[in-house]
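# Examining the three-dimensional arrangement
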Amino acid sequence: MKGAMRTIDGNEAVAHVAYRVNEVICIYPITPSSPMGEFSDSWSSERVPNIFGTIPSVVEMQSEGGAAGAVHGALQTGSLTTTFTASQGLLLMIPNMYKIAGELTPAVFHVAARSLATQGLSIFGDHSDVMATRATGWAMLASSSVQEAMDMALVSQAATLDSRIPFIHFFDGFRTSHEIMKVEMLSEDEMRAMIPMEAVLAHRARGLSPDRPVLRGTAQNPDVFFQARETVNRFYAACPDLVERVLERFEELAGRRYRLFEYYGAADAERLIVLMGSGAETARETVEALNKAGERVGVLKVRLYRPFDTKRFVESLPATVKRIAVLDRTKEPGSAGEPLYLDVVAALSEGLASGWGRLATMPQIIGGRYGLSSKEFTPAMVRGIFDHLTGERLKNHFTIGIDDDLSGSSLSWDRHFSTESPEVVRALFYGLGADGTVGANKNSIRIIGENTDNFAQGYFVYDSKKSGAVTISHLRFGPRPIRSAYLITEAGFVACHQPIFLERYDMAEPLVEGGTFLLNTSHGPGEVWERLPRVMQESLITKRVRFFVIDASAVAREAGMPGRINTIMQVCFFALSGVLRREEAIEQIRKSIIKSYRKKGEEVIAMNLRAVASTLDNLHEVAIPGKAGSPIELRPPVSERAPEFVRKVLGPMIAGRGDSLPVSALPVDGTFPTGTAMWEKRNLASEIPVWDPDVCIQCGKCAMVCPHAVIRIKVYDEDRLDGAPATFKSTAAKDREFAGRKYTIQVAPEDCTGCGICVDICPARNKAQARLKAINMAPQPPLREQEREN
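Heads up: these notes are all about the structure in this document. What you see is a predicted model, and the numbers here were worked out from it, not measured in a lab.

### What about the overall build of the chain?
For the chain, the helix and strand inventory stands at 25 helices and 27 strands. Taken over the C-alpha trace, the chain has a radius of gyration of 29 Å; the compact-globule value for 790 residues is 28 Å, and the two agree within 12%. Here the C-alpha coordinates of the chain stretch approximately 85 × 65 × 55 Å along the principal axes. Residues counted as buried form 54% of the 790 residues belonging to the chain. Carbon together with sulfur atoms contributes 52% to the accessible area of the chain, which is approximately 34500 Å² in total.

### Brief notes about unusual backbone geometry
Pro32 follows Thr31 through a cis peptide bond whose omega is 0°. Assignment of secondary structure puts Pro32 in the loop between β2 (24-27) and α2 (34-45). Located in the positive-phi region is Arg47, a residue other than glycine, with phi close to 65°. Assignment of secondary structure puts Arg47 in the loop between α2 and β3 (57-60). The backbone of Ser373 sits at a positive phi, close to 55°, despite the residue not being glycine. As for its position among the elements, Ser373 is in the loop between β14 (364-369) and α15 (379-388).

### Points about the sheet that holds strand β24 (residues 711-716)
Pairing is antiparallel across the open sheet formed by three strands, whose spatial order is β24-β26-β25. At either margin of the open sheet sits one strand with a lone partner, and together these are β24 and β25 (731-732). Two elements, β25 and strand β26 (residues 742-747), share two bridges in a ladder whose sense is antiparallel. Residue pairing across strands places Thr731 opposite Tyr743, the latter belonging to β26.

### A look at the sheet that holds strand β4 (residues 81-85)
Taken together, the seven strands give an open sheet; going across it, the order is β3-β2-β4-β5-β7-β6-β12, and neighbouring strands pair in mixed fashion. Unpaired on one side and paired on the other, β3 and β12 (304-306) mark the two borders of the sheet. Taken pair by pair, the neighbouring strands of this sheet meet at an average axis angle of 20°, ignoring direction. The pairing of strand β6 (residues 139-142) with β12 spans two bridges and is classified as antiparallel. Counterpart to Met140 in the pairing with β12 is Arg306.

### What to know about the packing of aromatic side chains
Considering all chains together, one arrives at 21 aromatic pairs under this definition. For the ring pair Phe39 and Trp43, a centre distance of 5.6 Å and an interplane angle of 25° mean the geometry is stacked. Here Phe39 and its partner Trp43 are both found in helix α2, four residues apart, which amounts to about one turn of the helix. A centroid spacing of 6.0 Å and a plane angle of 45° characterise the contact between Phe250 and Tyr258, whose relative ring orientation is tilted. Note on accessibility: Phe250 and Tyr258 belong to one class, buried. An aromatic cluster is defined as three or more aromatic residues linked by ring pairs; in this entry it consists of Phe429, Phe477, Phe493, Phe573 and Phe574. Seen from the ring of Phe455, Lys182 lies directly overhead, with NZ or CZ sitting 5.9 Å from the centre. The ring of Tyr305 is capped by Arg306, whose NZ or CZ atom sits 4.3 Å from the centre of that ring.

### Some points on the nonpolar core
Counting residues in hydrophobic clusters, the biggest one holds 102 residues, and the most contacted among them are Val274 and Phe313. Among the elements that take part in this core, helix α7 (residues 146-163) stands out by supplying ten residues, more than any other. Residues within four places of Phe313 in sequence aside, it is in contact with Phe261, Val274, Leu300, Phe308, Val344, Ala347 and Leu348. Leu475, Ala552, Ile605 and Val612 belong to the second largest nonpolar core, which has 42 residues in total.

### Quick word on the environment of Leu511
Looking at the element boundaries, Leu511 is found in strand β20 (residues 511-520). Exposure remark for Leu511: the relative accessible area of 4% places this residue in the buried category. Among all residues touching Leu511, those that are not within four sequence positions of it are Ala491, Gly492, Phe493, Val494, Thr516, Phe517, Leu540, Lys543 and Val545.

### A word on the side chain of His388
By secondary structure assignment, the location of His388 is in helix α15. For His388, a relative accessible area of 17% translates into the label buried. Only 2.8 Å separates the side chain of His388 from the backbone nitrogen of Lys395, close enough to count as a polar contact.

### With respect to the pattern of salt bridges
The full count for this structure, using the stated rule, is 47 salt bridges. Between Glu179 and Arg175 there is a salt bridge, with its nearest N and O atoms 3.0 Å apart. Where Arg284 meets Glu288, a salt bridge forms, and the shortest distance between an N and an O atom there is 3.4 Å. A residue pair is termed a helical-turn pair when its members lie 3 or 4 positions apart in one helix, as Arg284 and Glu288 do in helix α12 (residues 279-292) at four residues. Its relative accessible area of 16% is what places Arg284 among the buried residues. Overlapping salt bridges, with partners in common, bring together Glu148, Glu262, Glu281, Lys301, Arg303 and Arg483 in one network.

Quick notes on the rules
- Residue positions are given per chain, counting from 1 as you read along its sequence in written order.
- In keeping with the model being predicted, local features are shown solely for residues with a pLDDT of at least 70 and side-chain atom pairs are shown and tallied solely at 80 or more, while totals for entire chains, interfaces and linings include all residues.
- Each side-chain value is derived from all of the structure's non-hydrogen atoms; neither hydrogens nor water enter the calculation.
- Secondary structure elements follow DSSP: runs of H or I of four or more residues count as helices, runs of E of two or more count as strands, with numbering from the N terminus.
- Here the globule rule reads 2.2 Å times residues to the power 0.38, and the radius of gyration is calculated from C-alpha atoms.
- The cut-offs for exposure are 20% and 50% of the maximum accessible area for each residue type, with area from a 1.4 Å probe on protein chains only; residues under the lower value are buried, those over the upper are exposed, and the others partly exposed.
- Note on areas: Shrake-Rupley with a 1.4 Å probe; residue coverage comes only from the protein chains shown.
- Two strands form a pair only when DSSP identifies at least two bridges running between them.
- Axis lines are fitted to C-alpha atoms, over the contacting stretch for helices. Their N-to-C directions set the angle, which ranges from 0 to 180 degrees.
- Pairs were defined over the aromatic rings of Phe, Tyr and Trp, the Trp ring being its six-membered one, requiring ring centres within 6.5 Å. Orientation was assigned from the angle between planes: stacked under 30 degrees, edge-to-face over 60, tilted for the rest.
- Geometrically, a charge over a ring is one whose NZ (Lys) or CZ (Arg) sits within 6 Å of the ring centre while staying within 35 degrees of the ring normal.
- By nonpolar core we mean a set of buried residues, namely Ala, Val, Leu, Ile, Met, Phe, Trp, Tyr and Cys, connected to one another through side-chain atoms within 4.5 Å.
- Here a residue-residue contact requires only that any non-hydrogen atoms of the pair lie within 4.5 Å.
- A 3.5 Å cut-off defines polar contacts: any pair of N or O atoms within that distance qualifies, except that in protein one atom must be a possible hydrogen donor and the other a possible acceptor, and neighbouring residues in sequence count only when both atoms are side-chain atoms.
- By definition, a salt bridge exists where a carboxyl oxygen of Asp or Glu is found within 4 Å of a side-chain nitrogen of Lys or Arg.

Right, dumping it as structure tokens:
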């Protein structure tokens, strides 16, 4: 029976299963795995039972090492226990992992795979962390999509109980953990049917108990340690067959077919890519497009990476394959090759010697690295690898997706190649972290996914600065399952929720011909054109774009919720995109508002509903002239006065063009010069604080609480005011220690993020206008030039 369809992200998909098939969950937060623990903690507090009818005990420890120790201890009592982690957090669990595996204890760690800190720290995804645990003795099961992440969470739990080998179930951090997809939910009945209760009881019986005393965790000398270590071989030899049987049982229950190795492509393929994780979805999409165009290529997805089943791997390959590229999402400096590449080489060597599979001769095998720290992996890159496999001389240990101008490892690729289907609606939304844009888009995906037959996908690009930094939401909707595990480069709809971005990015660049551009701005349809940069005007004209504006900030203020434009922009999207009928979309938005804000009270719900009601009256189409005439140019990311390193390296990074930097541009050991932040003028705030010296009591609290050190206070001799700008403010210093001197509070307008904490903390009230204080928020654009000079 087909399960209920829901639109959720990878973390929730995994937690949905992990919570229900475990009794103890020991957690410690680390990006991007934290939401799995948060979901579990929330469900436990709400007394949601697991499939055994008990409430899982969710315990947050004080470190990842503590979480691993608690897991180990709970497992030794016979409890079904799990945890969620990533990156350095997983590495801190390695000592316990060796013990858990050495004691043949069933358990599953769910890992949102993430980069390890090396020359720098990265919160983004690759396989560095899980690959660092290969020697622990844990089985490793990879998922490549949100649906797979849910399904493999259950498969790994069943398999660990059957095999007694602990499992790492991993999926790509952010790319899968935070991607929102329409998936078929697993029911609790399906989970119960998958969990072998005889194995659960056997696990409980092995738990340490005074009723059944045993000695475990002894010290062993050289005379017996080696022999004892080899006793586990039969368990690892049996594990792949057990996992295959679990997958067959899962297919019977849920109807979705998975195998240890899955081949997609031409039956007579000569060129093949081998990889695991979300990149396999992109590779599969590309293979289907290339084969339709007459090529003979294929992709082999690795699902069970440990124990590596050499025989099944070789048998999965088409007999015709002559050249193979093995892709690893990690780097092991000094190794003869990356992990999956070495395993494939060894498997083929052993397989051919043993007569397994259909291959008559050894294919030529090369290895490559891709996608480190969530670096994009696109169909264009996949095609570039297949094209390289046709060459006379193949490059081993290659890289794809970067320009390695030092060691020459990079493959070239055609950046314009695309496999995107015209039947898929693609939309981009530019917002600020914490401005509600991402939340609104998540609601939009759920509305479309759960109220239409469309499949939906949402992925959100966050700056590691998080709150107050740029967020770009990538939304896809279409009639067929979406395998595009990469960012949108060509969109039919682009929305700019923060007008300040117009100065930094060519917002029309990703728009396709005839697309729609939506701008939140205080300038009306008759005046906004002349406010656009010239390059953007040219794009809008050339591409014949439909251009709409709304003053969402004004609509929000009138509705009583200043600054919260997310619901308003969501209404505009549905009104312009045509994904749902306008009336139906607005009704679903109303329901979503009531559900989302129920806990915040009726007034918050009413404010949002008022905003919805007035949005369409304030949405206007702009008539686009036939010629661009703006004197405005895009602002350079940093000043020309900046040092060379800032201009040539940090400048492109600030401008969002860091992907174009070659290997030679980056410091070899991660050492950067100091004092560079002064050149990054993020210019994010639509409003900035303005000082009123007549009301100020000179307490200094505003400067003390400013999280970005944007507010500076100076006391100085009056003669220092000679030559000061006409708008520069000062007043007499009130402290007796500074008698006869001047006092100034100055704001750096382009560094301010508009958080308003300074206004909140200010204790001085304007007696003439009680709503005003000694420091108040005012629109930034008219003040920027004068305050920069000040």
